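These are the residues of each chain, in order.
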Amino acid sequence: MRAGGVNEVRQSRHCVHLAIGAKYTYMKAPDTLPLYWVNRLGFAARKELTTRFEDNGLAATAEDWASLRFLAAGPQPTTALSAATLRDRTTVSRLADKLVGKGWVQRTPDAKDRRRLNLELTGEGRAALSQMSALADQLIAQVSVGISAEEQRVAASVLQRMFENLSDASLKGNDDV
C-alpha cells in the first residue's frame, strides 16, 4: 500500500486513476489543467527573470520588480502593496525593508495621516525599475513568440476570469475552490 491508502496508480495521457481500497478515483492528469501550466510558467518566468537581472548586475527578484512597478504609480501604504502582491503584511514589511536597504524605496509620512508611512520610489528605484522593465519586456517577447495577439488576449481573459472566480470564492468563504 502506498502513502495515503493508495493501492494502485494507473495513468493515461489525460487522467490518473488511484485505487483506494476497492474504489478507483479519477483525477485529470496535471498537464491537462490550465493551473498546472500557470504554475509552471510562473516558476520558470520568475527564475529566468531573476537570472536576467543578475546577469545585468541587478541584485533583484521578480517580486522586487513587481513591487517597484506597483510603487511607480506613486506613494503607497504597505497595506496596498500587500493587497496588490497577495502577500501578508509581515512578508511585505520584510520586502519593503529590503527595497529600502537597496536605496530603491523610501518610507515617507502620509500627507493625510502623519502616523502612517507610505512606500515611495527613489531616483535609484526608478532607474532600477527602468532596467528591470527592459529585461522583463525582452522575456515577455520571448515567451510570446508564435502566439498571436488574439491568442494572448483570449488567454489573458480566461486567466483573469479564473482569478476572479478564485477571488469571489475566497471572499465568500467557499470551500469548493
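K.L.:
I keep staring at helix H5 (residues 123-143) and nothing clicks. Help me out?
P.N.:
Given 3.6 residues per turn, any residue in an α-helix points the same way as the ones three and four places further on. Between its first and last C-alpha, H5 extends 30 Å over 21 residues, near the 30 Å set by a 1.5 Å rise per residue. Listed in full, the buried residues belonging to H5 are Gly 125, Ala 128, Leu 129, Met 132, Leu 135, Ala 136 and Leu 139. Each buried residue of H5 sits inside an arc of 140° when the element is viewed along its axis, so together they form one side.

K.L.:
Help me understand the packing of aromatic side chains in this model?
P.N.:
How two aromatic rings sit relative to each other is given by the distance of their centres and the angle of their planes. Counted under the stated rule, the structure contains one aromatic pair. Ring plane angle 85° and centroid distance 4.9 Å describe the contact between Tyr 36 and Trp 37, whose orientation is recorded as edge-to-face.

K.L.:
What is the right way to look at the pattern of salt bridges in this model?
P.N.:
Note on pairing: side chains with opposite charge can pair once their charged atoms come close. A full pass over the atoms with the stated rule returns eight salt bridges. The residue Asp 113 makes a salt bridge to Arg 115 at a minimum N-O spacing of 3.0 Å. The exposure class assigned to Asp 113 is partly exposed, which follows from its relative accessible area of 22%. A single network of salt bridges, built from pairs that share partners, joins Asp 64, Lys 98 and Lys 102.

K.L.:
Is there a simple way to explain the sheet that holds strand E5 (residues 105-109) in this structure?
P.N.:
In spatial order, the strands read E4-E6-E5; together these three strands make up an open sheet with antiparallel pairing. This sheet does not close on itself; its edge strands, each paired only once, are strand E4 (76-77) and E5. Bridge analysis of E5 against strand E6 (residues 117-121) gives five bridges, and the strand direction is antiparallel. Within E6, the residue paired with Arg 107 across the bridge is Leu 119. Docked against the sheet, helix H4 (residues 89-101) engages E5 and E6, running at close to 110° with respect to E5.

K.L.:
Help me out: how do you make sense of the nonpolar core in this one?
P.N.:
Soluble, globular proteins show a tendency: their nonpolar side chains are buried together. Of all hydrophobic cores here, the largest spans 23 residues; its most connected members are Leu 49, Phe 53, Trp 65, Leu 68, Trp 104, Val 105 and Met 132. Elements represented by at least two residues in this core include exactly helix H1 (34-55), helix H2 (62-71), H4, E6 and H5. With six residues, H5 is the single largest residue contributor to this core. Setting aside its immediate chain neighbours within four residues, Trp 65 contacts Leu 49, Phe 53, Leu 129, Met 132, Ser 133 and Ala 136.

K.L.:
When you look at the environment of Leu 117 in this model, what are you seeing that I'm missing?
P.N.:
Its location among the elements puts Leu 117 in strand E6. Through-space distance from the C-alpha of Leu 117 to that of Pro 77 is 6.3 Å; in sequence the pair is 40 residues apart. Setting aside chain neighbours within four positions, we find Leu 117 in contact with Pro 77, Arg 107, Thr 108 and Pro 109.

K.L.:
Any chance you could explain a nonpolar patch on the surface here in plain terms?
P.N.:
Together, Leu 35, Val 38 and Leu 159 give the surface a local cluster of nonpolar side chains, amounting to about 250 Å² of exposed area. Structurally, Leu 159 is set in helix H6 (residues 149-172). When its relative accessible area of 39% is taken as the criterion, Leu 159 is described as partly exposed.

K.L.:
What exactly am I supposed to notice about unusual backbone geometry here?
P.N.:
What is expected of a backbone is that most residues other than glycine have negative phi and most peptide bonds are trans. If you check the backbone angles, Leu 86 has positive phi at about 60° while not being a glycine. Here Leu 86 shows up in the loop between helix H3 (78-85) and H4.

K.L.:
I'm lost on the confidence of the model for the chain in this one. Help?
P.N.:
The predicted coordinates should not be examined in detail at positions where pLDDT is low. Confidence along the chain averages 85 in pLDDT terms, with 79% of residues attaining 70 or more. Within the chain, the lowest mean pLDDT, 52, falls on strand E2 (residues 15-20), and the highest, 97, falls on H5.

K.L.:
So what exactly am I meant to see when it comes to the packing of H1 against H5 here?
P.N.:
The geometry of a pair of packed helices is captured by two quantities: the angle between their axes and the separation between those axes. Running from N to C, H1 and H5 point in directions that differ by 135°, and their axes come no closer than 10 Å. For the element pair H1 / H5, the angle class is oblique. Crossing hand, H1 versus H5: right-handed. When H1 is examined against H5, the residues Ala 45, Glu 48, Leu 49, Arg 52 and Phe 53 are found in contact with a partner set consisting of Met 132, Leu 135, Ala 136, Gln 138, Leu 139 and Gln 142. Of the residues contributing to the contact of H1 with H5, the split by class is seven nonpolar, two polar and two charged.

Reading guide: rules and limits
Residues numbered from 1 in each chain as written. Predicted model: local features only at pLDDT ≥ 70, side-chain atom pairs only at ≥ 80, totals over all residues. Heavy atoms only, no water. Helix = DSSP H or I, 4+ residues; strand = E, 2+ residues; numbered from the N terminus. Expected span 1.5 Å × (residues − 1). Buried < 20%, exposed > 50% of the residue type's maximum accessible area, 1.4 Å probe, protein only. Arc of directions from axis to C-beta. Phe/Tyr/Trp six-rings, centres within 6.5 Å; stacked < 30°, edge-to-face > 60°. Salt bridge = Lys/Arg side-chain N within 4 Å of Asp/Glu carboxyl O. Pairing = 2+ DSSP bridges. Contact = heavy atoms within 4.5 Å. Axes fitted to C-alpha atoms, helices over the stretch in contact; angles between N-to-C directions. Core = buried A, V, L, I, M, F, W, Y, C linked by side-chain atoms within 4.5 Å. Patch = residues over 30% accessible without salt bridge, like charges linked within 9 Å, V, L, I, M, F, W, Y side chains within 5 Å. Areas by Shrake-Rupley, 256 points an atom, 1.4 Å probe, with all protein chains shown as cover. pLDDT = per-residue confidence, 0-100. Parallel < 35°, antiparallel > 145°, perpendicular 65-115°, else oblique. Left-handed = near helix turned anticlockwise from the far one by under 90°. Nonpolar A, V, L, I, M, F, W, Y, C, P; charged D, E, K, R; others polar.

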